[in-house]
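# Residue-level structure breakdown
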Amino acid sequence: MPSLSLTTVLLGSGLSCAILCYVMAQLRRLPDAPAAFGWWSLAFALGTLRFVWRSLQPWIGLPPALFGAEALQASAAILLLVGVGRLIGFHPGRLVLAGGIGVVVAWAAIFVFVRFDLVLLSVPLHFLAGGALVATSVTLFREHRRRTVLNLNLAVPPFALWGLVEFLYPLTLANPVLVPWYFLLTQGLAVIIAVCLVVGALRRFQFETRRAEDRLVAAVETMPAQIALFDADGNLIRGNAAYHADYGASGSRAPEPSLRFEDLMERLSRHRSPRLVEAGDVQSASPTGPDSVEFEAVLPDGRTFTVRRATTPDLGSILVAVDISAQIKRERELLQSARLLRGTLDVVKIGIAVFATDGSVVARSKRFVQAIELGESPVTKEMTFDSLLGVLSRR
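What counts and how
Residues numbered from 1 in each chain as written. Predicted model: local features only at pLDDT ≥ 70, side-chain atom pairs only at ≥ 80, totals over all residues. Heavy atoms only, no water. Helix = DSSP H or I, 4+ residues; strand = E, 2+ residues; numbered from the N terminus. Buried < 20%, exposed > 50% of the residue type's maximum accessible area, 1.4 Å probe, protein only. Contact = heavy atoms within 4.5 Å. Areas by Shrake-Rupley, 256 points an atom, 1.4 Å probe, with all protein chains shown as cover. Salt bridge = Lys/Arg side-chain N within 4 Å of Asp/Glu carboxyl O. Pairing = 2+ DSSP bridges. Phe/Tyr/Trp six-rings, centres within 6.5 Å; stacked < 30°, edge-to-face > 60°. Core = buried A, V, L, I, M, F, W, Y, C linked by side-chain atoms within 4.5 Å. 1 Å grid on protein atoms, 1.4 Å probe; cavity = no way out; pocket = protein on both sides within 12 Å on 5 of 7 lines; lining within 4 Å. Points joined across faces, edges and corners; volume = space filled by probe spheres on them. Nonpolar A, V, L, I, M, F, W, Y, C, P; charged D, E, K, R; others polar. Patch = residues over 30% accessible without salt bridge, like charges linked within 9 Å, V, L, I, M, F, W, Y side chains within 5 Å. Axes fitted to C-alpha atoms, helices over the stretch in contact; angles between N-to-C directions. Parallel < 35°, antiparallel > 145°, perpendicular 65-115°, else oblique. Left-handed = near helix turned anticlockwise from the far one by under 90°. Disulfide = S-S within 2.5 Å. pLDDT = per-residue confidence, 0-100. Polar contact = N/O pair within 3.5 Å; in protein donor to acceptor, adjacent residues only side chain to side chain.

Right, let's talk about the overall build of the chain for a bit. When its secondary structure is counted, the chain shows 15 helices and seven strands. Burial statistics for the chain: of 395 residues in total, 37% are counted as buried. Sequence-distant contacts, at least 24 apart, represent 52% of the contacts inside the chain between residues at least 6 apart. Of the roughly 22000 Å² of accessible surface on the chain, 63% is carried by carbon and sulfur atoms.

Proximity of charged atoms lets side chains of opposite charge pair with each other. Scanning the model with the defined rule gives five salt bridges in all. Here Arg115 makes a salt bridge to Asp117, at a shortest N to O gap of 3.9 Å. Judged by its relative accessible area of 19%, Asp117 is buried. As a salt-bridge pair, Glu208 and Arg211 come within 2.8 Å of each other at their nearest N and O atoms. In this pair, Glu208 and Arg211 are both assigned in helix 9 (residues 178-221), three residues apart and thus about one turn of the helix distant. Relative accessible area serves as the criterion here: at 32%, Arg211 is assigned to the partly exposed category.

Time to look at the pairing of strand 2 (residues 236-239). The pairing of strand 1 (residues 226-230) with strand 2 spans three bridges and is classified as antiparallel. Bridging across to strand 2, Phe230 finds its partner in Leu236. Joining the antiparallel neighbours strand 1 and strand 2 is a turn of five residues, in which Gly234 adopts a positive phi near 90°.

Right, let's talk about the packing of aromatic side chains for a bit. Inspection of every chain in the model, using the stated rule, returns ten aromatic pairs. With centroids separated by 5.1 Å and ring planes inclined at 55°, the aromatic side chains of Phe230 and Phe261 adopt a geometry described as tilted. Of the two residues, Phe230 sits in strand 1 while Phe261 sits in helix 11 (residues 261-269), which places them 31 residues apart along the sequence. Accessibility assignment for this pair places Phe230 and Phe261 in one class, buried.

Side chains of nonpolar character tend, in soluble globular proteins, to be buried together. Within the largest apolar cluster, 56 residues are counted, with the highest numbers of intra-cluster contacts made by Leu20, Trp40, Phe44, Leu140, Phe159, Trp162 and Leu197. Residue assignment for this core shows that the elements contributing at least two residues are helix 1 (6-28), helix 2 (36-55), helix 4 (62-87), helix 5 (94-114), helix 6 (118-146), helix 7 (156-167) and helix 9. With twelve residues, helix 4 is the single largest residue contributor to this core. Formed by 17 residues, the second largest nonpolar core is a distinct cluster that contains Leu259, Val293, Phe295 and Ala297.

This next bit is on empty space enclosed by the protein. Under the defined criterion, the tally for this structure stands at one cavity of 30 Å³ or more. Estimated volume of the largest cavity: approximately 170 Å³. Contributing elements (two or more residues each) for the lining of the largest cavity: helix 2, helix 4, helix 6 and helix 7. When residues of the lining of the largest cavity are assigned to their parent elements, the largest contribution, five residues, is made by helix 2. The class makeup of the residues in the lining of the largest cavity is ten nonpolar, two polar and two charged.

A contiguous nonpolar patch, built from Trp53, Leu56, Trp59 and Ile60 and spanning about 410 Å² of accessible area, is present on the exposed surface. Tracing the chain through its elements places Leu56 in the loop between helix 2 and helix 3 (57-60).

Bringing unusual backbone geometry into the picture now. The general pattern is negative phi for most residues beyond glycine and trans for most peptide bonds. Its identity as a non-glycine residue notwithstanding, Leu315 has a phi of 70°, on the positive side. On the secondary structure map, Leu315 appears in the loop between strand 4 (304-311) and strand 5 (317-323).

We now examine the packing of helix 4 against helix 5. Between helix 4 and helix 5, whose axes approach to 9 Å, the crossing angle comes to 155°. Classified by the angle their axes make, helix 4 and helix 5 are roughly antiparallel. The two elements helix 4 and helix 5 cross, and the hand of that crossing is right-handed. Contacts from Pro63, Pro64, Phe67, Ala71, Ala74, Ser75, Ile78, Leu79 and Val82 in helix 4 reach Leu97, Gly100, Ile101, Val104, Val105, Ala108, Ala109, Val112 and Phe113 in helix 5. Its residues placed into classes, the contact of helix 4 with helix 5 shows 16 nonpolar, two polar and no charged.

It is worth spelling out the state of the cysteines at this point. In the structure shown here, the tally under the stated rule is zero disulfides. With no disulfide of its own, Cys17 has Cys21 as its nearest cysteine by sulfur position, at a separation of 8.4 Å.

Here we come to the confidence of the model for the chain. Mean pLDDT over the chain works out to 82, with 80% of the residues at or above the 70 mark. Low pLDDT (under 50) marks residues 249-255, which in the prediction has twelve contacts with non-local residues, meaning those over four places away or in another chain. Per-residue pLDDT stays below 50 along residues 276-290; that stretch engages in 27 contacts with residues further than four places along the chain or on separate chains.

With that settled, consider the environment of Asn235. By secondary structure assignment, the location of Asn235 is in the loop between strand 1 and strand 2. For Asn235, a relative accessible area of 31% puts it in the partly exposed group. Apart from residues no more than four positions distant in its own chain, Asn235 is found in contact with Leu229, Phe230 and Arg260.

Tracing the chain through its elements places Thr312 in the loop between strand 4 and strand 5. Reaching out from Thr312, the side chain makes a polar contact with the side chain of Asp314 at a distance of 2.4 Å. In this structure, Thr312 is in contact with Leu229, Ser317 and Ile318, ignoring residues within four places of it in sequence.

Spelled out as structure tokens, the structure:
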């Protein structure tokens, strides 16, 4: 069996654990990430310190190196278990956490400085670490099946394999040549877990992005307004059902192949509302015009649309056409009613005025105007009910 440099392998393992710690910390920052990732990040931070401390053995001696490494590893195992508990809904208190870390640190101190015994020192602590890693693997698998955690099922096998490696650590006590290989295995597994976590997070991000897009498309598809998205060259990318109902090819919801954005805007611009043209409220509908364009169009079938065009960051265009025919009809009915009311008031022989809820004058008869203007204050559109009462009270 080829020999490996223990110091080199330890530093490589420390670097791998640091990468895993960083990945865990980044996962914790995701919006739906459980608190367990924060605890696991702390655990692998202690794991990084463990490998770095053990690599100092040539300078600080074997007993301090063993004590620090084993105490840090056992403390990291406890933090892993705390993360498992948080993931399944169990929240250990601070006293429990501090007590557990205190016990493993005392255990390491006793069997290093009081009674030096590698078996009693390493076997229980490594079994604790292996159990914590296996528990993490099982919990990730369980939560993945319940779909309550990020899509991290890829990390389940390497976590379990790492736990198995910890269970087999006592074999290295009888053959010290295996020690570097043990650390090499932990180094490789840490990197594999980090990669699996990143891939799982990316898969979850892609899934959430697709789901959000599907929800948006479904919402836009059912909207009564005509909505269409065009690219920078004026080609249609997507349109909803309302858009295709007017501008789709006959007998299908496929868009007209020749209907580009410029053609559509020109077609709509030919039917601009004369009322708005006279008022000067129509903006340019040219595709190379302002970033935001809005105008009204009255189609040959009598429908009236408010047409809005906006430019996307990639220089594409969004077209939104809202059918306001019912609104226009109601406005005309209100205007007709108002004219009828004013005409009725003008023929009556008594003074009548109608006020809105805000006190403003809606309509008044000629007799009312003549009666009030006998005083000092004429009746104007700006006159309110309260100001009118004030005029009458002074007479």
